[in-house]
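Chain and residue survey
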Amino acid sequence: MTNIEKRGGVLGVQTRAADGKRTLIGYAAVWNSDTTIGDYFVERIAPGAFSKAIGGDILALYDHDMGRVLGRTRSKTLRLSEDNHGLKVEIDVPDTSDGNDLWTLVERGDVAGMSFAFRATKQEWDESGDMPHRTVLEAELYEVTATANPAYPDTTLAARSLEAARLEAERARKDAEKRAADAAAAKRRIAERQALQEQRIRGIQADAS
């Protein structure tokens, strides 16, 4: 899909080893944390934005590479949850070349961030300030990623998102204006019919007298 956006930040990734299982723990998104997206707008993710999405089949990847799968929710090797801080991620790291390399890099601090790919399905825009503000209220979630360079927005898609929001707002404004004009016209027609009816009644009364 061409409308998938990628976000992330150096939010920290922790390692946990217990009972022979290695688990990476971190946050792919933090609620109400403003981020400037390519100098186009300021974005924040609202609490609960992924509450519907995390029940789906989501992948955990290494550096957004679909060929480097670390886990997935369907197999319960990736667990996603929302808390007061943000979207929490737990990945059971596999005993593979990518898994072992990633575990070493996280322990060394070379990989210290997480990212995620999403599509906003419900959002609000505010253009009253110097820069537009976008609040993502609800989103589809496609994958979460452990990466050394998480803080990169898709600026081309960001520009399209802003333009689409402006076009939608313009259509909504025109629709509202048309509904108001239609209502006013209907009101005028009703008033004209009532006036004509009153004239007819007065004419009949005058003839009767």
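What you see is a predicted model, and the numbers here were worked out from it, not measured in a lab. (Residues numbered from 1 in each chain as written. Predicted model: local features only at pLDDT ≥ 70, side-chain atom pairs only at ≥ 80, totals over all residues. Heavy atoms only, no water.)

Along the polypeptide, Asp130 turns up in the loop between β10 (113-126) and β11 (133-147). Linking Asp130 and Phe41, residues 89 residues apart in sequence, is a C-alpha distance of 9.5 Å. (Helix = DSSP H or I, 4+ residues; strand = E, 2+ residues; numbered from the N terminus.)

Time to look at the confidence of the model for the chain. Mean pLDDT over the chain stands at 84; residues scoring 70 or higher make up 87%. Confidence, read as mean pLDDT per element, is least for helix α2 (residues 155-208) in the chain (74) and greatest for strand β8 (residues 78-82) (95). (pLDDT = per-residue confidence, 0-100.)

If you look at the biggest cluster of nonpolar residues, it comprises 32 residues, and the most contacted ones within it are Phe50, Leu141 and Val144. Of all the elements in the fold, those that place two or more residues in this core are β3 (21-30), β6 (59-62), β8, β9 (86-92), α1 (97-108), β10 and β11. For Phe50, the residues in contact, after removing those within four places along its chain, are Ala29, Trp31, Ile45, Glu82, Leu87, Phe116, Phe118, Ala139 and Leu141. (Core = buried A, V, L, I, M, F, W, Y, C linked by side-chain atoms within 4.5 Å. Buried < 20%, exposed > 50% of the residue type's maximum accessible area, 1.4 Å probe, protein only. Contact = heavy atoms within 4.5 Å.)

Before going further, it helps to examine the packing of aromatic side chains. Considering all chains together, one arrives at four aromatic pairs under this definition. Geometrically, the ring pair formed by Phe41 and Trp125 is edge-to-face, given 4.9 Å between the ring centres and 75° between the ring planes. Highlighted residues: Phe41 in strand β5 (residues 41-45) and Trp125 in strand β10, separated in sequence by 84 residues. Judged by relative accessible area, which is 24%, Trp125 ranks as partly exposed. With 5.6 Å between their ring centres and 80° between their planes, Phe50 and Phe116 make a pair best called edge-to-face. Taken together, the residues Phe50 in the loop between β5 and β6 and Phe116 in strand β10 connect sequence positions 66 residues apart. Clustering of aromatic rings is evident, with ring pairs tying together Trp31, Phe50, Phe116 and Phe118. Over the face of the ring belonging to Tyr62 we find Arg68, whose NZ or CZ atom lies 4.2 Å from the ring centre. (Phe/Tyr/Trp six-rings, centres within 6.5 Å; stacked < 30°, edge-to-face > 60°. Lys NZ or Arg CZ within 6 Å of the ring centre and 35° of its normal.)

Under the defined criterion, the tally for this structure stands at 16 salt bridges. When the shortest N-O distance is used, the salt bridge between Lys21 and Asp92 registers 3.9 Å. Taken together, the residues span a long stretch of sequence, with Lys21 in strand β3 and Asp92 in strand β9 at a distance of 71 residues. According to the relative accessible area criterion, Asp92 is buried, its value standing at 11%. Put simply, Lys52 and Glu138 hold a salt bridge, and the shortest N to O gap is 3.6 Å. Placement of the pair is Lys52 in the loop between β5 and β6 and Glu138 in strand β11, with a sequence separation of 86 residues. A relative accessible area of 64% places Lys52 in the exposed class. Of the residues examined, Glu138 reaches a relative accessible area of 25% and is grouped as partly exposed. Through salt bridges with shared partners, one network takes in Arg16, Lys21, Arg79, Glu90 and Asp92. (Salt bridge = Lys/Arg side-chain N within 4 Å of Asp/Glu carboxyl O.)

Time to look at the environment of Thr104. Relative to the helices and strands, Thr104 is located in helix α1. Each C-alpha atom of the pair Thr104 and Thr15 lies 9.8 Å from the other, and the pair is 89 residues apart in sequence.

Read across the sheet, four strands follow the order β2-β3-β9-β8 without closing on themselves; strand pairing throughout is antiparallel. This sheet does not close on itself; its edge strands, each paired only once, are β2 (13-18) and β8. In this sheet, adjacent strand axes meet at a mean angle of 20° when their direction is disregarded. Sheet analysis places β3 next to β9, joined by seven bridges and oriented antiparallel. Across the sheet, the residue bridging to Ile25 is Glu90, located in β9. Strands β2 and β3 of the sheet are contacted by α1, whose axis makes an angle of about 65° with β3. (Pairing = 2+ DSSP bridges. Axes fitted to C-alpha atoms, helices over the stretch in contact; angles between N-to-C directions.)

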